[in-house]
Every structure is written in C-alpha cells, then in structure tokens.
Amino acid sequence: MAFNHLPAGVHDALAPLSVKPVTHSVPMAKNHRPDHPQPDPASRPSPEAVLHRLASGPSRSARITHTEHLPPRAGRHAVWPDRIRSEVIAAVQARGIEHPWAHQALAAEHALDGDSVVVATGTASGKSLAYLMPVLSALLDGSEAPNGRGATALYLSPTKALAADQCRAVRELAAPLGNAVRPAVYDGDTPFEEREWVRQYANYVLTNPDMLHRGILPSHARWASFLKSLKYVVIDECHTYRGVFGSHVAQVLRRLRRLCARYGASPVFLLASATAAEPSVAARRLTGLPVVEVADDASPRGELVFALWEPPLTELHGEKGAPVRRTATAETADLLTDLTVQGVRSVAFVRSRRGAELISVIAQERLAEVDRSLVRRVAAYRGGYLPEERRALERALHSGELLGLAATTALELGVDVSGLDAVVIAGYPGTRASLWQQAGRAGRSGQGALAVLVARDDPLDTYLVHHPEALFDRPVESTVLDPDNPYVLAPHLCAAAAEIPLTEADLELFGPVSADVLTQLEAAKLLRRRTRAWHWTRRERAADLTDIRGTGGPPVQIVEEGTGRLLGTVDAEAAHSAVHEGAVHLHQGRTYLVRSLDLKDSVALVERADPPYSTAARDTTSIAVLETDTEIPWGSGRLCLGSVEVTNQVVSFLRRRLITGEVMGETKLDLPPRTLRTRAVWWTVTEDQLDEARINPEILGGALHAAEHASIGMLPLFATCDRWDIGGVSVPLHPDTLLPTVFVYDGHPGGAGFAERAFHTARSWLTATREAIASCECEAGCPSCVQSPKCGNGNEPLHKRGAVRLLTTLLRGAPEESGPGADAADAGASEEPG
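Undergrad: Provide a residue-level description of the overall build of the chain, including the pertinent values.
TA: A count of helical and extended segments in the chain gives 27 helices and 32 strands. The 834 residues of the chain split such that 61% are buried. With the model as given, the accessible surface of the chain reaches about 31,300 Å², and the carbon-plus-sulfur share is 51%.

As structure tokens, this is what we get:
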C-alpha cells in the first residue's frame, strides 16, 4: 500500500420522547431567526406570477420542461421543555417566538438527557433553536458555578460565513442573558490579538473543522479549561461532511473526543442538517457515537414552485458538428437580470467561481441597458475572496441593498438570507441534497418561493429535466464517507500522537484498521513506541501533514503582476486547470489573464485584460490496476472494484467564445504529470459480448469512450458526488485486464467511497446511463449525452449508437444488486431509471 499524496515520510510509510403538540391550521413565519424584519408575504408577487413573467416572450415558455408545486404546510407547536432555563425561554419569546415547534422540543429533550442527536428537518425549520435551547441553558447554569469556568460549548460550521452568521444571531438572542453567554468566532480570519481572549473567556466558540484540526487540537494545553468544561459540540450542516473531507472531519472529531476524555469531559454532540438520508447512520459514522434521529419536521412551509428549465438549441455547432445548446451561464444571467428588474430578491447558484463572476458581469451589463441604478444591486459571492470582501457582501445581502447575487456553494449553507423570493440554480449541483439545500435559500420568511433549475448541456442535466421523478420522487442520497480510509487515518494518528502519545486503548476510537496503519507509521519512523505508547518523532507539526479539505497542498496565491496586490487563492489541486499560463481569471467582475504559474512558490501572476473568451483546460489520463478487491460476472464480462493508480497531465487549454461557448482555438501547455492512488470501479466486455452488440474494432473505442463519458455524468444521481469528484478512462485493450475496459475512479487519494457506491448500484447506474444516451435526440452524440466538457481527447472518438448497444448487451448479464443502498438506488430503475 502506498500513500503517494502524503508528505515525505508518510508517503513512504503507507500505503422518542413525548411532547405536547399545539397544532395551528395556518403556516407561520420561521420561528428561530426573528433578527431580521419579516416581510409581509401578501406584499410579494406569488411564485407562479414570477415564473409566468420569466416564461413570457418568444420561445421562453417552451424552455420549461416541468413545474412541481409543493403546497404550504401548517406548523405544529409544543410546550417548552421544563428543564430549559426560564431566562432562555424569556429571551426567545422576546424575539417573537411563543412556542417551539414539536421537533425542536423533542431534540432539546434528547440533548438534556445526554443523548447525542441529529435534527434532520427542512431548511428554515428552526434547527438552530433546537440546539441553542439546551446549549444556552447549560451556559447559564455554568455561569452560576461557584468555582471554575462553568460549562462551554463548541460550534462547528463548514464555512466561515455560516459561523459568523450564527455568532451574530446568538449574540442578539442571548443579549438579555448578560455576560452568561460569551460567543466568539475563532477561525483563520480572527485577529491574533483577539485569539487569547477567546481561549480564556469565550464559553461558546464558533469555528470550523479546519481550525479545530490545525489550531485548537494541537494547542489543547492552552484550551485545557475550555475542553475540561465542554458540555456540547454542535455540528451544523453535517451533510456537507462527505467523501474525503467528511472522512477527515470524522477523524478530527475522534481526536477531539480523545482529548476531552483526557480532561475529564464527555460532550454531547448535536448535529443539524436540512438534507440527509439515514441521518442517524451518517451522524454515527461521522462522530463515532450512537446518535438519536429527529426527522419529523413540524415547522410550517410556504408554497414552493420548482421549475425545470432547458436552454434552447442554438445555430452553432460544437466538436464533431454536434448541436450546441445555449449555456446555462448565459441563461441564468438572463433570468437573474429579469428577476432584478422585477424587484424580486434572488440568488443564482453556480458551480464554479468563474461562473459566478461571469453571471454577475453579464447581468450587470444587461441591467445597465435598462436602469443603471440597478447595476450596483447585483454582485458575485464565492470562495477565494478576502475576508473583508465576504463580510461586505454578506452585510449588503442582509440589508437588502443587493437584489441579486450570483454565488457558489459558499452561500449554499445555513446563512440566513431572509426575504429571498427566488433561487436560480445554474446546473444540477451534483446531489439532490445540494439541490434542496440551494432551493431552500428562498422563502425563509414564510412567503412562497420560486426555484428554477437551469440545465447544463450534459447527460445528467438533460436526463433530469426530462425525468422529473428522479428529482421529486426520490429521497436525498445517503452520505458517503469512510473514516477508515488509510490515507485519511494515517496523518490523524500522527496528529493524535503529537497531541498526547497514543496507547493501545486509543485504537478502538480510531477504527479497526488503525493498528495496521500504526505499524506502518512506526516502521517508517514517523511514530516511535516507548513503553506502552507511540510518540510523534518529528520537529514539524503533525497537524500539517494533511489538509482536511483534500486540496493536496498549500493554496496558490493569485497576485496582480503590476501592483503585487493579492486578489485571492485557488486550491492547489485545481491550480493546473484553473490558473495555468494563459487562463482567464475572473475576480469581482474584473477579468484577468494568467501570465505565469509558479508551482514551487504557489503563486500565479495575473494582469488585467478583457479577452472575448473564457478558457477550459484539457488533460490526458492513464490508469493501472494495483489490486482487485471484488469482482462479479456480468454475463461473460466482469464488474470489478479495487485500487488503481491514475496518472493525469494537463496538456492544453481551449479558448471558448463568451455566451455561445464556441471553440476559438487550442493552446498547448507544459505542466508536470500528477499521480493519484485511489479506488475505482471498472467493467470489462468479451469478444462474445462485442459480437452480440455488433461492435466491430473500428467503433469499439468510440463506443467505450461514449459509455464512459455518460456513466461519469450519471453517477452523481446514485452517489453523493459531483461530476468533478470522479474521473474515467476507457481502453479498447487494457494491459491489466487484457479486455476492453471502462474505469470510473474517485478523484481523491485513497478514494472517497464513490466507486464503492457505483459498484453496489451498477445495474441501476448503467441502466440510467443507457437511457440517457438512447433518449437524446441528437444524431451522433452531443454534450447532452456523450460529449464531456473535460475530455482530454477532444471528445474523439465517440460512437453514440455503439455505446447504447454495448450497454444493452452488458446489462443483460447484470445480476440483481446487493450492498448498501442498492434497494433505494434501484427503485423503479429497470424501465425509467432515476
């Protein structure tokens, strides 16, 4: 086993309670965040009226392929739990909340009983109050302790914006409690002069897993009094902790539990998520503890109108003469412009930083033609901005100064954006969980809301807008994470040993493979056993061995060449494709060209420019089988799961004309190759199967390649992954299998659980893939079925009909599915998969 993506040394070493319901017959406003003025729903246009205006005009109505109406829902109240301090109840009631919703009271009762609990209810359902009731009561009790600091609580958020938003809300809610509640944010943006005050005096610390990993746990001695008194740990938006990131966070939480135990504390974990399948299972996997589930949402909900929108075909032709649809970016910019002109407060969610900037720029240009005063009321919001820029945008959004915002998932989570009327989603965000999370940003004040999903020109988006049952009749995905991934576990065992030497008694906490990994770390002289404990042997900080976001190194700084001004950062993992020489970079509406990329110093130098194009990197990939863990017959072919090594190199970039996406040219690049050891699922076909499918050698490569592209595009429907989390390779004769083979692999060191999910749902997944290709109206293959935007071979060769025949033959030999989630994935999939 080799761990090639870890730093030197590690690389070499490894491989329910009763409540009294009070039912109301009419929907009520959201009850847990009354800190913003609540607009009168009657003064707002109905979501149907807003959608009708958007769909008016030539050809617009034909773009709506489906409209789903989710009716309003009445709320069910309960009495306050009798163990909640009266002062806390009074403070909440002073904010206009007379009674809690039934699920809030139930969750609080569990927390007061000492049970870890996950609240898995819809957006704007008051999850914050569910965990704040017991937390504030505990802090108030602690403030009256005769000796010592009293109880403390820790809040973990996946983003800085959400932590800052929650801190603001807690301060306002707890103001009547005086100095008993002392909330403070502790993250990378916290000034150093404030950090000592937070350590010594704050009793409700709001941070993120990254700061817990790098800042708090390695310095636990300075946090001793806080950890010794730790009563509650709140984990907000827990569904975001999936894949490699979730696996890292799971180990960070185990390190936290270990240190708390050494200081005599055993905190209760309170988790919250608006979108989670099997929430108690996912929460237990994340925390390592039994977790009670509260999922019966008793909050009211306004009407939601959800439209599926497919951009029209253009007169342009793309690669190999394929028809090209208008881009989701341009379509979303038009919709955001129209919504702003109507005075409808909206957010447009887009998958990439560049896309958010581009939508903002296009909307501003079009608004200038209508009313120049509206230009300043639209902006972009994304990761990579400097802290002061993010804070200014958040304030403008809260105040209503901004009418429209083009945002990445940095704004997807629980930041309270009160008063939004509409959400436009530029492309399926990868999972149903994210889709509903983004749609839930609108209507958070109890009014009706509109959500519009604008399809991109790719297989999954095209499939979904024509198969609405795949979105509206299916539950959200199960959270996929693997805390036992050795690539993840190894650096955390090192970090734990550096915090307090590891003993055999600790190994149960870190999972069943920890003993084997520990042996390898000891052999590599990263850890040394002395008497009964393992010690960290290096001078450097063990916590610096890994970036829990899985970015593969320090972020690349983007610097303006002429002024030396830092514009922002990009993850090291994305640098080759995002800020290569010649790349177009957008920042707050301004366009820059990358003049040079220094990988050694992690700096990209840029200069202002206004090119009439965007850029897209192209790469080449090869793959080698390291170990086959499981294989099953599919007819005479095989379906396999195992470990692979992927070699990838960015070799060129395309220049695409703005708005139309037309390719203007290609430029070669000279960047070093990168290797990745990960997990993959692959399938082989035999000569007999090729004969049955009428696949001759001339079209074999194109049929395999087309099936690979479409299967990558469809996998996010069956696993909690994004298309960009996975990759694929197809080979007419692979040297390791000696057969025509298609691989789909996890794009993270050691794997992220996606390939395993694909293996267990392969019959449903590949059936949906075949359906997506076969139902596309194009003649020979297009971006809506088999062409890929990130194909390193320029989408050559591709054979659409061959892919359909090949998958049809393969699926005839497919056994019934087994394994985690197979039944859910296969529901109704044989004829109309989804």
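Now that the structure is up, let's keep going.
Undergrad: Could you give an account of the sheet that holds strand 5 (residues 152-156), naming the residues involved and the relevant values?
TA: If you trace the seven strands from one edge of the open sheet to the other, you get 6-7-5-8-9-4-10, paired in parallel fashion. Edge positions in the sheet fall to strand 6 (183-185) and strand 10 (292-294), since each has one partner strand and no second. Neighbour-to-neighbour, the strand axes of the sheet open up by a mean angle of 20°, direction not taken into account. As judged from the three bridges shared by strand 4 (residues 117-119) and strand 9 (residues 268-272), these two strands associate in the parallel manner. Following the sheet pairing, Val118 is matched in strand 9 by Leu271. Across the sheet, helix 6 (residues 160-174) lies against strand 5, strand 6 and strand 7 (204-207), angled at about 160° from strand 6, the strand it touches most.

Undergrad: Requested: an account of the packing of aromatic side chains, with residues and values cited.
TA: Tallied over the entire structure, the rule returns 10 aromatic pairs. For the pair Tyr186 and Trp223, a centre-to-centre distance of 4.9 Å together with 85° between the ring planes defines the contact as edge-to-face. On the criterion of sequence distance, the pair formed by Tyr186 in the loop between strand 6 and helix 7 (192-201) and Trp223 in the loop between helix 8 (209-216) and helix 9 (224-228) is long-range, its members being 37 residues apart. Here the two residues Tyr186 and Trp223 agree in accessibility, since each one is buried. Grouped by ring-pair contacts, the aromatic residues Tyr131, Tyr155 and Tyr204 constitute a single cluster. For the cation-ring pair, Arg195 lies above Phe192, with the distance from its terminal atom to the ring centre recorded as 4.2 Å. The residue whose ring lies beneath Arg608 is Tyr592, and the NZ or CZ to ring-centre distance is 5.7 Å.

Undergrad: Lay out the packing of helix 23 (residues 697-714) against helix 25 (residues 762-774) in plain terms, naming residues and giving numbers.
TA: For the pair helix 23 and helix 25, the least separation of the axes is 9 Å and the interaxial angle reads 115°. Considering their axes alone, helix 23 and helix 25 lie roughly perpendicular with respect to each other. Taken as a pair, helix 23 and helix 25 cross one another with a handedness that is right-handed. Residues Ala706, Ala707, Ala710, Ser711 and Met714 of helix 23 form the contact with helix 25, whose own contacting residues are Trp765, Leu766, Ala768, Thr769, Ala772 and Ile773. Grouping the constituent residues of the contact of helix 23 with helix 25 by class yields nine nonpolar, two polar and no charged.

Undergrad: Now, about the environment of Ser514: what can you tell me, with residues and values included?
TA: By the secondary structure assignment, Ser514 is in helix 20 (residues 514-523). For the pair formed by Ser514 and Leu489, sequence separation is 25 residues and the distance between their alpha carbons is 7.3 Å. Sequence-distant contacts of Ser514, defined by excluding residues within four places in its chain, comprise Leu489, Leu493 and Leu507. A polar contact is formed between the side chain of Ser514 and the backbone oxygen of Leu507, at a distance of 3.1 Å.

Undergrad: Just give me the short version of the pattern of salt bridges, but keep the residues and values in it.
TA: The full count for this structure, using the stated rule, is 36 salt bridges. Of the charged contacts, one joins Asp141 and Arg85 as a salt bridge, the two residues approaching to 2.5 Å between their closest N and O atoms. Of this pair, Asp141 sits in helix 5 (residues 127-143) while Arg85 is found in the loop between strand 3 (76-78) and helix 3 (86-94), placing the two residues 56 residues apart along the sequence. Asp141 gets classed as partly exposed once you look at its relative accessible area, which sits at 42%. Between Arg679 and Asp629 there is a salt bridge; the shortest N-O distance is 2.3 Å. With Arg679 in strand 30 (residues 674-684) and Asp629 in strand 27 (residues 613-634), this pair connects stretches of sequence that are 50 residues apart. Among the residues examined, Arg679 registers a relative accessible area of 22% and is labelled partly exposed.

Undergrad: Quick rundown of the nonpolar core? Include the residues and the values.
TA: Generally speaking, a soluble globular protein has its nonpolar side chains buried in company with each other. By size, the foremost hydrophobic cluster in this structure holds 89 residues, and its most contacted members are Phe306, Trp683, Leu715, Leu717 and Trp765. Per-element tally for this core: the top contributor is helix 23, with nine residues. Dropping the residues within four chain positions of it, Trp683 is found in contact with Arg638, Leu639, Leu704, Ala707, Pro740, Thr741, Val742, Leu766, Leu806, Leu807 and Leu810. With 43 residues, the next largest nonpolar core counts Ile97, Leu173, Ala180 and Leu206 among its residues.

Undergrad: Account for the sheet that holds strand 23 (residues 566-570), with residues named and values stated.
TA: Within the open sheet, the five strands sit side by side as 23-22-26-25-24. Their pairing is mixed. The sheet terminates laterally at strand 23 and strand 24 (584-587), the two strands that pair on one side only. Pairs of neighbouring strands in the sheet enclose a mean axial angle of 35°, with direction left out of account. As paired elements, strand 22 (residues 556-560) and strand 26 (residues 603-608) share four bridges and run parallel to each other. Of the residues in strand 26, the one forming a bridge with Glu560 is Val606.

Undergrad: So what's going on with the pairing of strand 14 (residues 346-350)? Residues and values would help.
TA: For strand 14, a buried count of five out of five residues is recorded, marking the element as mostly surrounded by other parts of the structure. Residues Ser346, Ala348 and Val350 line one face of strand 14 and the alternating positions Val347 and Phe349 line the opposite face, and both faces are buried. Direction of pairing for strand 14 relative to strand 16 (residues 404-407): parallel, over a ladder of four bridges. Among the inter-strand pairings, Phe349 is bridged to a residue of strand 16, identified as Ala407. With five bridges connecting them, strand 14 and strand 17 (residues 422-426) associate as parallel partners. The partner of Phe349 across the bridge, within strand 17, is Ile425.

Undergrad: I'd love a proper account of helix 4 (residues 102-112), names of residues and values included.
TA: In terms of residue burial, helix 4 counts as a mostly covered element, since 10 of its 11 residues are buried. Within helix 4 the residues assigned to the buried category are Ala102, His103, Gln104, Ala105, Leu106, Ala107, Ala108, Glu109, His110 and Ala111. Here the buried face of helix 4 lies against strand 3, strand 4, helix 5, strand 8 (230-235), strand 9 and strand 10.

Undergrad: Just give me the short version of unusual backbone geometry, but keep the residues and values in it.
TA: A positive phi angle is found at Lys525, which is not glycine, with a value near 60°. Along the chain, Lys525 falls in the loop between helix 20 and strand 20 (527-530).

Undergrad: Describe the side chain of Thr121, naming the residues involved and giving the relevant values.
TA: Structurally, Thr121 can be placed in the loop between strand 4 and helix 5. At 2.6 Å, the side chain of Thr121 and the side chain of Ser125 are in polar contact. Excluding its chain neighbours within four sequence positions, the residues that come into contact with Thr121 are His103, Lys127, Ser273, Ala274, Val294, Ala295, Asp296 and Asp297.

Undergrad: Run through the pairing of strand 7, naming residues and quoting values.
TA: Burial of strand 7 is two-sided: the residues Tyr204 and Leu206 facing one way and the residues Val205 and Thr207 facing the other way are all buried. In terms of strand pairing, strand 5 meets strand 7 through four bridges, oriented parallel. Across the sheet, the residue bridging to Leu154 is Val205, located in strand 7. Where strand 6 lies against strand 7, three bridges are found, and the strand directions are parallel. For Val185, the partnering residue across the bridge sits in strand 7 and is Leu206. Following the backbone out of strand 6, through helix 7 and into the adjacent parallel strand 7, one traces a crossover that is right-handed.

Undergrad: Quick one: what's the story with the packing of helix 12 (residues 328-341) against helix 13 (residues 353-370), residue by residue and with numbers?
TA: Where helix 12 contacts helix 13, the axes come no closer than 8 Å and their chain directions differ by 45°. One way to sum up the angle between helix 12 and helix 13 is to call them oblique. Every pair of crossing elements has a handedness; the one defined by helix 12 and helix 13 is right-handed. On helix 13, the residues that touch Thr329, Ala330, Thr332, Ala333, Asp334, Leu336, Thr337, Thr340 and Val341 of helix 12 are Leu358, Ile359, Ile362, Ala363, Arg366, Leu367 and Val370. Taken together, the residues of the contact of helix 12 with helix 13 sort by class into 10 nonpolar, four polar and two charged.

Undergrad: I'd love a proper account of the confidence of the model for the chain, names of residues and values included.
TA: Residues at a pLDDT of 70 or more form 88% of the chain, whose mean pLDDT is 86. Segment residues 1-41: pLDDT under 50, and 118 contacts once partners within four positions in sequence are set aside and those in other chains are kept. Throughout residues 818-834 the model reports pLDDT below 50, and contacts reaching past four residues in sequence, or to other chains, amount to 37 contacts.

About the thresholds
Residues numbered from 1 in each chain as written. Predicted model: local features only at pLDDT ≥ 70, side-chain atom pairs only at ≥ 80, totals over all residues. Heavy atoms only, no water. Helix = DSSP H or I, 4+ residues; strand = E, 2+ residues; numbered from the N terminus. Buried < 20%, exposed > 50% of the residue type's maximum accessible area, 1.4 Å probe, protein only. Areas by Shrake-Rupley, 256 points an atom, 1.4 Å probe, with all protein chains shown as cover. Pairing = 2+ DSSP bridges. Axes fitted to C-alpha atoms, helices over the stretch in contact; angles between N-to-C directions. Contact = heavy atoms within 4.5 Å. Phe/Tyr/Trp six-rings, centres within 6.5 Å; stacked < 30°, edge-to-face > 60°. Lys NZ or Arg CZ within 6 Å of the ring centre and 35° of its normal. Parallel < 35°, antiparallel > 145°, perpendicular 65-115°, else oblique. Left-handed = near helix turned anticlockwise from the far one by under 90°. Nonpolar A, V, L, I, M, F, W, Y, C, P; charged D, E, K, R; others polar. Polar contact = N/O pair within 3.5 Å; in protein donor to acceptor, adjacent residues only side chain to side chain. Salt bridge = Lys/Arg side-chain N within 4 Å of Asp/Glu carboxyl O. Core = buried A, V, L, I, M, F, W, Y, C linked by side-chain atoms within 4.5 Å. Right-handed = clockwise from strand over helix to strand, strands pointing away. pLDDT = per-residue confidence, 0-100.

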